[in-house]
Amino acid sequence: MLDIKKIRADFPILNRKVNGHSLIYFDNAATSQKPQQVIDKIVEYYTLYNANIHRGVHALSQEATDLFEESREKVRAFFNIAHTKQVIFTSGNTHSINAVANGAHAFVKKGDEVILSAVEHHSNIVPWQMLCERVGATIKIIPVLDNGELDMATYHQLLNAKTAFVVVNHISNALGVTNPVKEIIDAAHQHGAMTLIDGAQSCGHMKIDVQALNADFYTMAGHKMCGPTGIGILYGKEDALNALPPYQGGGEMIDQVSFEKTTYAGLPHKFEAGTPNIAGGIALGAAIDYLNEIGMDDIAAYENELLIYGTEQIKTIPGAKIYGDVTDKAAVISFNVASLHPYDIGTIVDKLGVAVRTGHHCAQPVMERYQVPGTIRASFAFYNTKEEIDVMVQALQRAVNMLS
Ligand SMILES: *Cc1c(COP(=O)(O)O)cnc(C)c1O
């Protein structure tokens, strides 16, 4: 059981008023709020030991380097990664995906096929389209069923000797549905294909064991797991990372440089050109400490309670339709009410202090699949409450009454 009152006290932004009402923040799938412990870590870095890392012999540089590398170790343990050299710090989930797609000509050749799912975020579609255009490969799509689950029968039929890469998200940000990634990865491997799982919606909401999943690459966003913006993680199997060419050149990623030839540094530095987001990396470590202290199993169980309650309550609104109404999903509810425009509803509930997302959620193919211009998305975190859900449902009802 979580001590919600104590947890909420850690998040200063939850005391804010918006349009004269107490803030109810239900846009966690876009970015999570940050506890004071994380905010303090950022201030501490710039106040006490701001220096560049891995370079100086002086005390500040060594302190900053030690803390940055301690964070890498925290990330390693949190996702059960075998070795810290497999933890690449990036600027975010999008950067992590691009780092792989940009070098994926090492795995995808002319005439090959790359399989994506129909529920991908634009950041897990466009980099693969760019790759396929570059190398002359083709994209194949796993369709999504009416209930928001992937059409796995079609997936198994799509796999063949030309399949070089399979790319899916662990949890869809547009629907909240958890995809059967273990089955997807195992089947891809049977056909000799590489795999990348976009974990932007799973990190911070469930326990993730990258070794048990056996994905070749797995990507995460620091800002969606209580960490700051501007820091992300790319995990890869050691062989996969060694086979992947770096896509940014610069300082820190080299071993030897001359004008004739440059040799690259080993992992993880091969992929970390230039000065990284040092404060962000260190503060991400504080976010992981914070999540560990509460416990990922308890966080997942409580968020699932909010999901069940929120789903029931939203269904009490006449005309409400939920997209992706299945049991195996994260605390993300994507819905519409009759033919009312999601933007109009979102604008009215914002006036009442309730922050929900409206629109296509960077997943236009999903909206096209369900033939809607967009949806309203309420996404919960462990600092939210059932009372907040009640207030949201009242606000939604009021909006519907005004607009109908
Ligand atoms: C948020 C999100 C992304 C993009 O991550 P950034 O942090 O914006 O780089 C990609 N995929 C999914 C599923 C997401 O939820």
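Procedures and definitions
Residues numbered from 1 in each chain as written. Predicted model: local features only at pLDDT ≥ 70, side-chain atom pairs only at ≥ 80, totals over all residues. Heavy atoms only, no water. Helix = DSSP H or I, 4+ residues; strand = E, 2+ residues; numbered from the N terminus. Buried < 20%, exposed > 50% of the residue type's maximum accessible area, 1.4 Å probe, protein only. Near = heavy atom within 4 Å. Polar contact = N/O pair within 3.5 Å; in protein donor to acceptor, adjacent residues only side chain to side chain. Areas by Shrake-Rupley, 256 points an atom, 1.4 Å probe, with all protein chains shown as cover. Domains from an automatic or database assignment. Contact = heavy atoms within 4.5 Å. Buried area = accessible area lost by both parts, 1.4 Å probe. Salt bridge = Lys/Arg side-chain N within 4 Å of Asp/Glu carboxyl O. Phe/Tyr/Trp six-rings, centres within 6.5 Å; stacked < 30°, edge-to-face > 60°. Lys NZ or Arg CZ within 6 Å of the ring centre and 35° of its normal. Axes fitted to C-alpha atoms, helices over the stretch in contact; angles between N-to-C directions. Parallel < 35°, antiparallel > 145°, perpendicular 65-115°, else oblique. Nonpolar A, V, L, I, M, F, W, Y, C, P; charged D, E, K, R; others polar. Pairing = 2+ DSSP bridges.

## Section: the environment of Leu352
Here Leu352 is to be found in the loop between helix H12 (342–351) and strand S15 (354–355). The exposure class assigned to Leu352 is buried, which follows from its relative accessible area of 15%. C-alpha of Leu352 to C-alpha of Ala399: the two residues are 47 residues apart in sequence and 9.8 Å apart in space.

## Let's talk about the site of the ligand
Residues in contact with the ligand, as listed here, are Asn93, Thr94, His121, Ser123, Asn173, Asp198, Ala200, Gln201, Ala221, His223 and Lys224. A distance of 2.6 Å separates an oxygen atom of the ligand from a polar side-chain atom of Gln201. One of the side-chain N or O atoms of Lys224 is found 2.7 Å from an oxygen atom in the ligand. Across the complex, the protein chains shield 86% of the 380 Å² of accessible surface that the ligand would expose by itself.

## With respect to the domain arrangement of the chain
Domain annotation for the chain reports domain 1 (4–28 + 295–403) and domain 2 (39–292). Taking only C-alpha atoms into account, the centre of domain 1 sits 28 Å from that of domain 2. Counting from both sides, the interface comprises 32 residues of domain 1 and, opposite them, 30 residues of domain 2. Together, the buried faces of domain 1 and domain 2 total about 2,500 Å²; carbon and sulfur atoms form 57% of this surface. The tally of links from domain 1 across to domain 2 stands at 2 salt bridges. The salt bridge partner of Arg369 is Asp146, with a shortest N-O separation of 2.8 Å. Along the contact surface separating domain 1 from domain 2 lie 17 residue pairs in polar contact (both at pLDDT 80 or more).

## Observations concerning the packing of aromatic side chains
Inspection of every chain in the model, using the stated rule, returns 15 aromatic pairs. Taking 5.6 Å as the distance between ring centres and 55° as the angle between the ring planes, the aromatic pair formed by Tyr323 and Tyr370 counts as tilted. Here Tyr323, found in strand S13 (residues 320–323), pairs with Tyr370, found in the loop between helix H13 (364–369) and strand S17 (375–379); they are 47 residues apart in sequence, far enough to count as distant. No difference in accessibility class separates Tyr323 from Tyr370, as the two residues are buried. Members of the aromatic cluster, connected to one another through ring pairs, are Phe11, Tyr290, Phe382 and Tyr383. The ring of Tyr370 has Arg369 sitting right over it, with the charged end atom 5.0 Å from the ring centre.

## Examining the packing of helix H4 (residues 93–103) against helix H5 (residues 126–135)
Running from N to C, H4 and H5 cross one another at 10°; their axes reach a closest spacing of 9 Å. Between H4 and H5, the angle is such that the two are roughly parallel. When H4 is examined against H5, the residues Ile97, Asn98, Val100, Ala101 and Asn102 are found in contact with a partner set consisting of Pro127, Trp128, Leu131 and Arg134. Residues that form the contact of H4 with H5 fall into these classes: 6 nonpolar, 2 polar and 1 charged.

## Overview of the sheet that holds S17
Strand-to-strand pairing in sheets goes through backbone hydrogen bonds, with the strands running parallel or antiparallel. With respect to topology, 4 strands assemble into an open sheet ordered S13-S14-S17-S16, the strand pairing being antiparallel. Strands at the two margins of the open sheet, each flanked by one partner only, are S13 and strand S16 (357–359). Sheet twist, expressed as the average angle between the axes of neighbouring strands with direction ignored, equals 30°. Relative to S17, S16 is paired through 3 bridges, and the arrangement is antiparallel. Along S17, the bridge assignment pairs Arg357 with Arg377. With respect to the sheet, helix H11 (residues 296–315) is in contact with S13 and strand S14 (332–337), its orientation differing from that of S14 by roughly 5°.

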